[in-house]
Amino acid sequence: MRNTSNYILKKLVKNIFFIPLLLWLSYKSNLMWTNIIMYNYSFNAFFNVLSEITFYISIYTILVSYYYISKYKEDLIIIENNTFNLFLGISLGIFKFFLMSCIIPIIYIFIYTIKMKSLSIIDIFHFCYMIFFEWIIPFLALSFFISYICIYVNSKFWKKIYIIILLFISSTTILQLIWINSQLGINKFINELIKSLNIYNDFAYSRYSEVFGRIISLNYLLDKIIIIITILFVITCAYINKLSQPKLKKLISFFIFIFIFLSLNILNANLVDYEKNESNYNITDSIKNIEIIDYDMNINLKNGFKNEVILNIRNKKNDNDNIDLILDNEFNIYEVYVDGKKAAYSHKNDILSIRLDEELLENEKIKVGINYKGNIYTTDIFGNYRYIANYKNIMLPMDTLAWYPKVLSDNKISFELQINSYNKVYSNLNHIKDNIYTGKANDISLYSSSTYNESKNIYSDILVVAPKNIDINYILESALKESKFDSELIKKEKKEVKEKIKDKSIKKIIFGRTYLSFIEKDGRSYKYNDDTLIIDIY
């Protein structure tokens, strides 16, 4: 097996296109370095960008391996007459070549590490599992796929078809464009099926974020488990060839594999949600009939997202026999109370409708209690984290996901939140003590991450919350810099924000995500509410 792997490795390295490949990898690595160094991004952000060059290594390896194995198959059989060992030897040789091809990006990673001067334990942890999940596992998968096609598929026609399919599924760009441009967004299962084919650059679940790094979510792990199970299936099929009745055993293995593959994709479809903001919610007339005076929330993030919320509500319309609130369908409601008594309710199309025993008079007030739980893990179509809420990471921008029952009002509402979170939470509300947050606002923004650092050195008396190692000044200046494409309204607004920073009217600057709607964005990469400015950062 060792002789076979060394033979394949020598053939791949001596190919006339190997040196041009290394030169191309060096050029791409340097180009990515130039782009990433400009923003002084973290070590793992640079590694994440470099991961994209695995695409070029894959294309080269698939084509060259197919050529040499087909051309020298008889020589390989002489070296190793046991077909299964031959399969393993070729796989090992291809995998060694993958690792050798990564020398250039690894050198850049090493230099960048020295430049960063210090790496935290979290950085090292993220790096280790990114290397394993995003380089080693995909490389192993392709190594076994190529070897199996070249050894066990006898028809030249089908060999070429399978190689084309392999090129296709290892092409991040093609799959990403198909997914983004498909009209299948409503069907989560189909989306998961398309995404699970993508073995590189996890736009599917966890594009690297400067705010969170990588989140080890169940979605991310399931995506990788699917690849590992596929590898085991290919090895099993290769091993079965030397047993009696191989066709029957292969057929049984195939159905078992398809069952597991589809089951994991169904599970993933139920765990991930796609981007939503307030423009996605239908505002009914009944929602406009009430006014929320204040909120009292108890948010527990130890096991998923759980919220116990009490609202004081004033009725604005006479003879109102039900209350409608916006609450995203991703949440499961298990208790609703009206003035201390259990109430009947329905939750459809993101509208929570509470039926009242008696009609409310105009200006009459009631107290409503709602207990619900769910999973907040939302990405956009490019794999960027949108809304996250777990014990260690929170990103819930205002005017986006309806993660608490609301009515979308321009009036300021009193909030009191108790948040059980591992890391400190930052908000447009005031942090009173421990995990208590209070204040008046139209809506709430919540952010929390182990990467966040507090600073008051840059702007005295203004609390700046940002991921470590980023260039705060550069990003802030870029966000507030006037552009010739800005409307007069945006130019005026940017000047106003600068003045608020200068005169200390803004008390907090948080670097997170705002997820402005297309209309809101209009040249903005920030959002501010009263004394809090939120700067968009990936």
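From a predicted model like this one, the values you see are computed outputs, not experimental measurements.

> Looking at this structure, I do not really get the pattern of salt bridges. What am I missing?
Where charged atoms of side chains with opposite charge meet at close range, the side chains can pair. All told, the structure shown has five salt bridges when counted by the stated rule. Note that lysine 527 and aspartate 399 form a salt bridge whose closest N and O atoms lie 2.5 Å from each other. A residue pair is termed long-range when its members are at least 10 positions apart, and lysine 527 in strand S21 (residues 526-529) and aspartate 399 in the loop between strand S12 (394-396) and strand S13 (413-420) qualify at 128 residues. Classification of lysine 527 by relative accessible area gives buried; the value is 13%. We note a salt bridge from glutamate 454 to lysine 424, for which the minimum N-O separation is 2.8 Å. Residue glutamate 454 is located in strand S18 (residues 452-455), and its partner lysine 424 is located in the loop between S13 and strand S14 (426-427); the two are separated by 30 residues in the primary sequence.

> Explanation requested: the nonpolar core in the structure shown.
Side chains of a nonpolar character, in soluble globular proteins, are inclined to be buried together. The biggest cluster of nonpolar side chains holds 66 residues, and the ones touching the most others in it are Ile69, Phe87, Ile90 and Ile94. The residues touching isoleucine 69, leaving out its near neighbours within four places in the chain, are Ile8, Leu76, Ile90, Ile94, Ile146, Cys150 and Ile151. Among the nonpolar cores identified, the runner-up in size contains 50 residues, and Ala343, Tyr387, Phe415 and Ala441 belong to it.

> Would you take a moment to explain the sheet that holds strand S16 (residues 436-441) for this structure?
Each strand in a sheet pairs with its neighbour through backbone hydrogen bonds, running either in the same direction (parallel) or in the opposite one (antiparallel). Ordered in space as S6-S5-S9-S3-S2-S13-S16-S15, the eight strands form an open sheet in which the pairing is mixed. At either margin of the open sheet sits one strand with a lone partner, and together these are strand S6 (341-342) and strand S15 (430-433). Relative to S16, S13 is paired through six bridges, and the arrangement is antiparallel. Bridging across to S16, isoleucine 413 finds its partner in alanine 441.

> Hey, could you run me through the environment of isoleucine 490 in this one?
The topology assignment puts isoleucine 490 in helix H15 (residues 488-502). Sequence spacing of isoleucine 490 and arginine 524 is 34 residues, and the spatial spacing of their C-alpha atoms is 7.5 Å.

> Explanation requested: the pairing of strand S8 (residues 351-360) in the structure shown.
Within a regular strand, side chains alternate between the sheet's two faces. Across six bridges, strand S4 (residues 320-326) lies against S8 in antiparallel orientation. Along S8, the bridge assignment pairs asparagine 322 with arginine 355. In the sheet, strand S7 (residues 345-348) pairs with S8 via four bridges, with the strands oriented antiparallel. If you follow histidine 347 over to S8, its bridge partner there is leucine 352. Between S7 and S8, which pair antiparallel and follow one another directly, the connecting turn spans two residues, one of which, asparagine 349, has a positive phi of 50°.

> Looking at this structure, how should I read the packing of helix H1 (residues 2-14) against helix H6 (residues 83-101)?
In a pair of packed helices, the angle between the axes and the distance between the axes together describe the arrangement. For the pair H1 and H6, the least separation of the axes is 7 Å and the interaxial angle reads 40°. The angle between H1 and H6 places the two elements in the oblique class. Here the hand of the crossing between H1 and H6 comes out right-handed. Contact with H1, carried on its side by Thr4, Ser5, Asn6, Ile8, Leu9, Leu12 and Val13, involves Leu86, Gly89, Ile90, Leu92, Gly93, Ile94, Lys96, Phe97 and Met100 of H6 and no other residues of that element. Within the contact of H1 with H6, the residues separate by chemical class into ten nonpolar, five polar and one charged.

> What exactly am I supposed to notice about unusual backbone geometry here?
Peptide bonds are, in most cases, trans, and in most cases residues other than glycine have a negative phi. Even without a glycine there, the phi angle at aspartate 339 is positive, about 50°. Along the chain, aspartate 339 falls in the loop between strand S5 (331-338) and S6. In this structure, lysine 504 is a non-glycine residue whose phi angle is positive, near 65°. For lysine 504, the position within the fold is in the loop between H15 and strand S20 (508-512). Classification of lysine 504 as partly exposed rests on a relative accessible area of 28%.

> Explain the sheet that holds strand S22 (residues 532-536) here, please?
The strand order S18-S19-S20-S22-S21 describes an open sheet built from five strands, whose pairing is mixed. Unpaired on one side and paired on the other, S18 and S21 mark the two borders of the sheet. Going across the sheet, the axis of each strand differs from the next one's by a mean of 20°, ignoring polarity. In the packing of H15 onto the sheet, the strands contacted are S20, S21 and S22, and the crossing angle to S21 comes to about 60°.

Calculation criteria
Residues numbered from 1 in each chain as written. Predicted model: local features only at pLDDT ≥ 70, side-chain atom pairs only at ≥ 80, totals over all residues. Heavy atoms only, no water. Salt bridge = Lys/Arg side-chain N within 4 Å of Asp/Glu carboxyl O. Helix = DSSP H or I, 4+ residues; strand = E, 2+ residues; numbered from the N terminus. Buried < 20%, exposed > 50% of the residue type's maximum accessible area, 1.4 Å probe, protein only. Core = buried A, V, L, I, M, F, W, Y, C linked by side-chain atoms within 4.5 Å. Contact = heavy atoms within 4.5 Å. Pairing = 2+ DSSP bridges. Axes fitted to C-alpha atoms, helices over the stretch in contact; angles between N-to-C directions. Parallel < 35°, antiparallel > 145°, perpendicular 65-115°, else oblique. Left-handed = near helix turned anticlockwise from the far one by under 90°. Nonpolar A, V, L, I, M, F, W, Y, C, P; charged D, E, K, R; others polar.

Shape is all these values report; function is a separate question.
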